[in-house]
Amino acid sequence: MLIKRREFLKISSLATASLLMPNFLKAMTFDEALEPNQKILVVLQFTGGNDGLNTIIPTRNDIYFKERNKIAIQDSLRLNDETGINPALSYFKELHDNGELSVLNNVGYPNPDKSHFRSMDIWHSASKSDEYLETGWLGRFLDEECYKCDHPTQALEVDDMLSLALKGENNKAFAFKDPKRLYQTSQEKYFKSLYDHHHDDETVSYLYQTLGSTINNADYIFEKSKAKKTEQIYPNSQLGKDFKTVSSLIKSDINTRVYYLSIGSFDTHVNQNERQQKLFGDINEAVKSFVADMKSNGLFDNILLMTFSEFGRRVAQNASNGTDHGTANQMFFISGGLKKKGLLNPLPDLTNLNEGDLIYTEDFRKVYATVLKNWLKADSSKVLGWKNGIYDFI
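What counts, and at which threshold
Residues numbered from 1 in each chain as written. Predicted model: local features only at pLDDT ≥ 70, side-chain atom pairs only at ≥ 80, totals over all residues. Heavy atoms only, no water. Helix = DSSP H or I, 4+ residues; strand = E, 2+ residues; numbered from the N terminus. Contact = heavy atoms within 4.5 Å. Areas by Shrake-Rupley, 256 points an atom, 1.4 Å probe, with all protein chains shown as cover. pLDDT = per-residue confidence, 0-100. Pairing = 2+ DSSP bridges. Axes fitted to C-alpha atoms, helices over the stretch in contact; angles between N-to-C directions. Phe/Tyr/Trp six-rings, centres within 6.5 Å; stacked < 30°, edge-to-face > 60°. Buried < 20%, exposed > 50% of the residue type's maximum accessible area, 1.4 Å probe, protein only. Lys NZ or Arg CZ within 6 Å of the ring centre and 35° of its normal. Parallel < 35°, antiparallel > 145°, perpendicular 65-115°, else oblique. Left-handed = near helix turned anticlockwise from the far one by under 90°. Nonpolar A, V, L, I, M, F, W, Y, C, P; charged D, E, K, R; others polar. Salt bridge = Lys/Arg side-chain N within 4 Å of Asp/Glu carboxyl O.

> So what's going on with the overall build of the protein chain? Residues and values would help.
The helix and strand tally for the protein chain stands at 13 helices and 14 strands. If you take every contact in the protein chain between residues at least 6 apart in sequence, the share linking residues at least 24 apart comes to 74%. Working note: accessible area of the protein chain is about 17,900 Å², and carbon and sulfur atoms make up 46% of it.

> Kindly report on the environment of Asn374, identifying the contributing residues and their values.
With respect to the secondary-structure elements, Asn374 resides in helix α12 (residues 364–375). For the pair Asn374 and Phe393, spaced 19 residues apart in sequence, the C-alpha to C-alpha distance is 9.2 Å. Excluding residues within four positions of it along the chain, Asn374 makes contact with Ile390, Tyr391 and Ile394.

> Before we move on, can you summarise the confidence of the model for the protein chain with the specific residues and values?
Confidence in the prediction of the protein chain, expressed as mean pLDDT, is 85, and 76% of residues score 70 or more. In the model, residues 149–153 has pLDDT below 50 throughout and makes 15 contacts with residues more than four positions away in sequence or in other chains. Long-range and interchain partners of residues 203–210, a stretch whose pLDDT sits below 50, account for 13 contacts in this model, where long-range means more than four residues apart.

> So what's going on with the sheet that holds strand β4 (residues 83–85)? Which residues, and what values?
Sheet architecture is open: 3 strands sit in the order β2-β4-β3, paired in antiparallel fashion. Edge positions in the open sheet fall to β2 (56–58) and β3 (77–80), since each of these has one partner strand only. Neighbour to neighbour, the strand axes of the sheet diverge by 35 degrees on average, direction disregarded. Bridge count between β2 and β4: 3 bridges; the pairing is antiparallel. Within the sheet, the bridge partner assigned to Ile57 lies in β4 and is Gly84. The strands touched by helix α4 (residues 90–97) are β3 and β4; relative to β3, the strand with the most contacts, the crossing angle is about 25 degrees.

> Outline the side chain of Asp51, supporting the account with residue identities and numerical values.
Mapped onto the fold, Asp51 is located in the loop between β1 (40–46) and β2. Here Asp51 is in contact with Arg68, Gln272, Gln276, Arg313 and Thr323, once residues within four sequence places are set aside.

> Which residues make up the environment of Gln232, and what values go with them?
Relative to the elements of secondary structure, Gln232 occurs in the loop between α9 (202–225) and α10 (238–250). Once the C-alpha coordinates of Gln232 and Met294 are considered, the two residues, 62 residues apart in sequence, prove to be 9.6 Å apart. Not counting chain neighbours up to four residues away, the residues in contact with Gln232 comprise Ser289, Ala292 and Asp293.

> Got a sec to walk through the pairing of β3? Specific residues and values, please.
Note that β3 and β4 share 3 bridges and pair antiparallel. Bridging across to β4, Arg78 finds its partner in Gly84. Where β3 folds back on β4, the antiparallel hairpin that results is connected by 2 residues.

> Explain the packing of aromatic side chains to me, and be specific about the residues and the numbers.
Inspection of every chain in the model, using the stated rule, returns 13 aromatic pairs. Seen in terms of ring centroids, Phe92 and Phe332 are 5.2 Å apart; in terms of plane orientation they differ by 75 degrees. Their pairing is edge-to-face. Placement of the pair is Phe92 in helix α4 and Phe332 in strand β10 (residues 329–334), with a sequence separation of 240 residues. Both residues of the pair, Phe92 and Phe332, count as buried. On the basis of an interplanar angle of 45 degrees and a centroid distance of 4.9 Å, the ring pair of Phe243 and Phe290 is categorised as tilted. Pair noted here: Phe243 is in helix α10 and Phe290 is in helix α11 (residues 272–296), with a separation of 47 residues, a long-range link. As far as the burial class goes, Phe243 and Phe290 line up, both buried. Aromatic ring contacts, followed pair by pair, group Tyr109, Trp123, Trp137, Phe308, Phe364 and Tyr368 into a single cluster. The ring of Tyr132 carries Arg118 above its face, with NZ or CZ at 3.9 Å from the centroid.

> An account of the packing of α10 against α11 is requested, with residue identities and associated values reported.
Relative placement of two packed helices is described by the angle separating their axes and the distance separating the axes. Their axes nearest at 9 Å, the elements α10 and α11 cross at an angle of 15 degrees. As the angle between them shows, α10 and α11 are arranged roughly parallel. Classified by chirality, the crossing of α11 by α10 is right-handed. Listed contacts from α11 to Leu239, Gly240, Phe243, Val246, Ser247 and Ile250 of α10 are Asp282, Ile283, Ala286, Val287, Phe290, Asp293 and Met294. A per-class count over the contact of α10 with α11 returns 9 nonpolar, 2 polar and 2 charged.

> How would you explain the pattern of salt bridges if you had to name every residue and give the values?
Scanning the model with the defined rule gives 12 salt bridges in all. Lys93 serves as the salt-bridge partner of Asp97, at 3.1 Å between the closest nitrogen and oxygen. One end of the pair is Asp97 and the other is Lys93, both in helix α4 and 4 residues apart, which spans about a single turn. Using a relative accessible area of 22% as the deciding quantity, one classes Lys93 as partly exposed. Residue Asp357 pairs with Lys114 through a salt bridge whose shortest N-O separation is 2.4 Å. One end of the pair, Asp357, is in strand β13 (residues 357–358); the other, Lys114, is in the loop between β5 (101–108) and α5 (116–125), and 243 residues separate them in sequence. Relative accessible area serves as the criterion here: at 5%, Asp357 is assigned to the buried category. Where salt bridges share partners, they join Lys114, Arg314 and Asp357 into one cluster.

Below is the structure:
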C-alpha cells in the first residue's frame, strides 16, 4: 500500500500522539467522571526564560533602576509599598487584590544551568542539576496514581508534542493541539482503513494497533471538548484558544486531573520590554477569560493555575536593551482555594549576587511537593524523592 506524503505526515502525527500513551487511550473508554470537588492542576509554562525582575518589580530598589536604566519598569501596578507588577498583567493585579493570587519569589535550584534545554529538563524532571532523568514529575505522578487505581489518572497537554514533564515510566499524558482537528483527521477514510490492517512485523503491528486506539478515541476527546458550550468569550490568540480547550474539557465529565499549556518565547536578549509586554498581554487576557469561565461554573475553588519558567534573567540589562540568561525567578499560583495570598516571601536580594545573577532561596522541588501532596493528594516523596518539607499556601 503506497502512502502519499500528505497521508504520511498525518499518520506520523497521530502515531506520535498514540505511542506517547496507549494506556491513557484505553482508560478513556471508561465512562467515569471526576469525583465532585476533585482538584485540578493547570500548568502554564513560560518558555524561554521570563525576566522575573520586570514581572514583579522592586519599586524602591535603587540597584534595580541603576542596573536597568533603559528597561526598568517605571509604571508598575502597586502590590504593596515596595513591590509592583508589570502593567501588562493588570488582571493579575486584580487577582492579587481579590486574594486569588500567590507569588513565590526567587525560586530556583542549586548549581543552576543557563542552557534553555538543560534547565527545562531539570524543571520538567525535578532532577538535580547533575542528574539526568528520563521521566517527568507529572509523569511519575501518573505512574504512582495508576499503581493504586483501576485506571490511570489522566493528564492532557495542549500541544503537538508531549513535554518531558508528563512522561512517566509506565504512563504518559496525551498531547494534542486541537480536539476538532484530531477528530477530523481520524475520520478520514484512509485512517479508518487502518482498523483492518495487519502486519507480520511486531513493531509495525504495534504501531497500527496504537494508532487505531488513537483513532478510536479521537471522537471521545472531541465530544467531551464540546459537551458543554461556553458563553465566555476568549481572546483569539493561540493561548486564548488553548485555555478555551482546557475549559471545555474541565466542564465536561472527562477524567483529567492535570492540564499543561505553554507560551513563549521569553528569550528576550533584544528589545525586551516590547516582547515581554506582548506575551504578558496574551497571558493576561487568556487567564482573565479562563478564570471568569471557571467562576461562572462554580469551579474556581478547585482549580490551581501554576506558572513557571526554566530560568530568570541577569540583573543588569545588556547593550541591546534586553537581558541575558540568569537564574532564579518567581512562580504564580491562581485559585479560589488558596490558603495564603499575595507575596509569600521577600523579593530577591540585589545586594547579594553570584557574578551578576540572583541566588535562589526557594527550591522548585519543594513547590512540586506542595502541589502533589496538598492539591493532588499524592505521595510526593515517592514521586520526587523530596523529604525537605512543603509550603502551606494551598
